[in-house]
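Now for the letters of each chain:
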Amino acid sequence: MKQRVDASKEINSEELGQLFVQYPNRQIPIIRFSPYVGLYYYGLNRYDADAYRVELEELQEKWNVRISQAEAEGNSKKVQRYRRKRNKKMEKLEQKIEEGNIWMRWGEPLAIYDTSKTAASLARMKLYLQSKGYFKSKIDTVVREKKKRVNITYEVNPGPAYVLDSLITITGDSNITRIIQEHQDESLLVIGDNYEQSNLTAERERIDNLLKDEGYFAFSRQYIEFNVDTAYTGRYKVTVVTNVNKPARGADHTIFQVDSVNLVTNTSQGVLPMTSTTPEEYNGIQYIFIKNRFNKKVLDRRIFIDKDSLYSRTNTFDTQRQLANLDVFRFININYDSTGGKMVANIFTSPLPRYQITTEAGVNVTQGFPGPFLNLSFKKRNVFGGMEIFEISGRIGFEGVAPATAVQDVYTSVEGGINASLTFPQFILPISASTKRQLGNINPKTRLSTGYNYTDRPEYIRQNINATLSYTWQKTNTSFYQLTLTDIGVIRSTLSDDFQLLLDSLAEQGNNIVNTFNPSYVSSMYMTATFNKNSYGLNFLNSRYFRLFLESGGTTLNFYGKELLEQEELEYYQYLKVNADYRKIHPVNRNTTVAWRINVGAAKPYADNGILPYEKYFFAGGSNGIRAWRPRRLGPGSFVRIDSSSNTVNYDIEQPGTILLEGSVEWRQNLIGFIDYAWFFDFGNVWTFDDTREEAQFKASKFLRQIAVGSGVGIRFDFSFLILRLDAGIKVYDPARPQGKRFILSKGFYDAPFTPRASETVIFNIGIGYPF
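Conventions we followed
Residues numbered from 1 in each chain as written. Predicted model: local features only at pLDDT ≥ 70, side-chain atom pairs only at ≥ 80, totals over all residues. Heavy atoms only, no water. Pairing = 2+ DSSP bridges. Helix = DSSP H or I, 4+ residues; strand = E, 2+ residues; numbered from the N terminus. Axes fitted to C-alpha atoms, helices over the stretch in contact; angles between N-to-C directions. Contact = heavy atoms within 4.5 Å. Core = buried A, V, L, I, M, F, W, Y, C linked by side-chain atoms within 4.5 Å. Buried < 20%, exposed > 50% of the residue type's maximum accessible area, 1.4 Å probe, protein only. Lys, Arg positive; Asp, Glu negative; His and termini not counted. Salt bridge = Lys/Arg side-chain N within 4 Å of Asp/Glu carboxyl O. Polar contact = N/O pair within 3.5 Å; in protein donor to acceptor, adjacent residues only side chain to side chain. Phe/Tyr/Trp six-rings, centres within 6.5 Å; stacked < 30°, edge-to-face > 60°. Arc of directions from axis to C-beta. Patch = residues over 30% accessible without salt bridge, like charges linked within 9 Å, V, L, I, M, F, W, Y side chains within 5 Å. Areas by Shrake-Rupley, 256 points an atom, 1.4 Å probe, with all protein chains shown as cover. Charge placed at Lys NZ, Arg CZ, Asp CG, Glu CD.

Peer 1: Any chance you could explain the sheet that holds strand β7 (residues 258-264) here in plain terms?
Peer 2: Picture the strands of a sheet paired through backbone hydrogen bonds; they go either parallel or antiparallel. Taken in spatial order, the 5 strands line up as β8-β9-β7-β11-β10 in an open sheet, and their pairing is mixed. Each having just a single partner strand, β8 (280-282) and β10 (329-337) make up the two edges of the open sheet. Within the sheet, the average angular offset between the axes of one strand and its neighbour, ignoring direction, is 20°. With 3 bridges connecting them, β8 and strand β9 (residues 285-288) associate as antiparallel partners. Bridge pairing links glutamate 280 to tyrosine 287 in β9. In the packing of helix α10 (residues 313-324) onto the sheet, contacts are made with β7, β10 and β11 (343-351), and the angle to β10 comes to roughly 160°.

Below, the structure is given as structure tokens:
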């Protein structure tokens, strides 16, 4: 069975397709085979609900006896353990009874054409169109049968769209009328717009929030009603009457004013404690510190409920969120007590432990092979009494990598480091106290950090000491900003003899990457803006993400400091860098999503040495990029390195670039149970601005023909706490090959100097989490 919607452009056919009552059986793409039906009936033949119910009763009786014995022994821990085991086993059996055994849950029954379900789909679509203002819509179904298969086409004729012609608001309360009129420009109902039911729902929410921010604490959205009239306003026009009803007894809605504000620490109950502690007053707020003391001035900047102000739900939520952002409280509970004719705002908090030690061990997979890692961190909260947080952490990890001098081999890479940071819950800047209080609702933080990092690879040992000063702020949960005013570091490298010879030979060819391994001083300032809608990274159904990164390296060296660095024989860098990364996940149907990403960047050095710090270059290829190429081995441009001794392609060297363009598209679908699969299509490359190798340079007339293309399939194991990913990528279009032979799916993989060993037909990638 196949279903499709045939509608005009103004109608969202995709949304209508989500309203189908009956769906065809899932199939594996290309193969067009549905194994899920067989799984379902295999499980159905072995399904006995009555037997499961008997097993459930016996299980419950057995564990109840054990629990009773443990209770008689007075062993409360054993009682709790037995109850957990009993409940866990019972949940599994109850799931079998309600949803079937595991084969039935992994599979699905055969989708048999049902005319009643087609009629139900029609009814849903009709309601959808009416909610969009198409009150005279018509939907016809065309059913075609062929070889016991049914194709259904829903032909949608929406008819004319009804538009808003008149808007009337009736409240019976002059103050509410005034408030609504003052914010009329924020209304979601606009004369001339198409009628849409969802806008009425959103308008109800808007008015409810608006009034609750103006002191109407007891107001509810149930008081707001809409009357929609199409009879008297003219052809295809709608009048919407907004009624704000009064309470049952006909009195006006009550306006609440905050009489006093209390903040209490060290309480797990929503009541004021019976204690002899004397409240401390600051800026109209009473602070009751039972055990832990905190800086009242800092707390005041995060509290937006003021004495003698009107009740505001927005200010209440902002207070709760910003206090939680301090990372010193386990929970924040705000309630209002209006007994006695006065409204008292009580903020109850329970502090987190002042000292915290955490350890984390696992397997790390970045651009190489899996390897173990261990993290250890120590955190101290409220260091100086002003909610400062001191944190020191150490990390050591091992990973299998292909060294730069022998790509076919795998060696162990060791990475370790120790970092310390001190975070202040405010901007450490010469600004007034009133300005700091105004900035309290954007979660301002200042972070000082320093660290030492060590990398040991077969070809080099690299050590880096760095220090940073950063400011971060966050107005909403969907946006985050970081401004790093200073990021300075000193890097020293020790190269193996083979790697040194390799870099020297590259220098003779015009590639001066050897200079990035000289003793170096790196300084920069950068800005990051991140926008995350619908919790991208947690919500894999419908979300998007955008990150913009701007960096200026060696800016202060334009004014002073070069002479000292030259005396110390330290390489220094001056450059500008920009990187933009956009990602989106879009649902196709109940089991399928399409995810795509575009990542572009450019970095331009302007110092005399004409290079970047090695870590600042762009690279292409790998498990999180273009998966048909090895990590960091794609590009730049159409350049290819030929080994003179064997006259074959040599992928030994990582290929840095100063211009990046890469993108990916993934079709993600559930395969069975916790196993998903994906078809992916990756494209991109890196280029350089200035290079003696003409094939590596970015040129507007050439770059489209130098975009590499890879495709493949992947399996993902979703264990809920992590996702294990296995991807196999195959090259489709290789810009490193001669013109006319780049589309290698048709021209062949093996064509000297691309021998079977050098061609790397299929690249296997292992990863933790999704690639983007």
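Peer 1: What's the story with the nonpolar core in this structure? I'm lost.
Peer 2: Nonpolar side chains tend to gather and get buried jointly when the protein is soluble and globular. Phe499, Leu503, Phe517 and Trp629 are the most contacted members of the largest nonpolar core, which totals 33 residues. Put simply, the parts of the chain that give this core at least two residues each are β18 (479-495) and α12 (497-508). Broken down by element, the residue count for this core peaks at 4 residues, all from α12. In this structure leucine 503 touches Leu495, Ile513, Val514 and Phe517, once residues within four positions along its chain are discounted. Of all hydrophobic cores here, the second largest spans 24 residues; its members include Tyr311, Ala345, Ile347 and Met387.

Peer 1: Sorry, what's going on with the side chain of arginine 301 here?
Peer 2: Relative to the elements of secondary structure, arginine 301 occurs in helix α9 (residues 296-301). Of the side chains with opposite charge, aspartate 300 comes closest to the buried, unpaired arginine 301, at an N-O distance of 6.5 Å. Side chain to side chain, arginine 301 and glutamine 426 meet in a polar contact 2.7 Å long. Setting aside residues no more than four positions away along its own chain, arginine 301 makes contact with Gln426, Lys436, Arg437 and Gly440.

Peer 1: Which parts of the structure should I look at to understand the packing of aromatic side chains?
Peer 2: The relation between two aromatic rings is expressed through the spacing of the ring centres and the mutual angle of the planes. Inspection of every chain in the model, using the stated rule, returns 41 aromatic pairs. With a centroid separation of 4.9 Å and 80° between ring planes, the pair formed by phenylalanine 135 and tyrosine 162 is classed as edge-to-face. Note that phenylalanine 135 is positioned in the loop between α6 (115-131) and β2 (138-146) and tyrosine 162 in the loop between β3 (149-157) and β4 (163-170), a separation of 27 residues in sequence. When its relative accessible area of 28% is taken as the criterion, phenylalanine 135 is described as partly exposed.

Peer 1: What am I meant to see in helix α2 (residues 36-44) here?
Peer 2: Think of an α-helix as turning once every 3.6 residues; residues three or four places apart then point the same way. Among all positions in α2, only Tyr36, Val37, Leu39, Tyr40 and Gly43 are buried. Viewed along the axis of α2, the buried residues span an arc of 165°, placing them on a single side of the element. The elements touched by buried residues of α2 are α5 (102-106) and β26 (659-672).

Peer 1: Would you take a moment to explain a negative patch on the surface for this structure?
Peer 2: Together, Glu55, Glu57, Glu58 and Glu61 make up a negatively charged patch on the protein surface. With respect to the helices and strands, the residue glutamate 55 is situated in helix α3 (residues 49-73).

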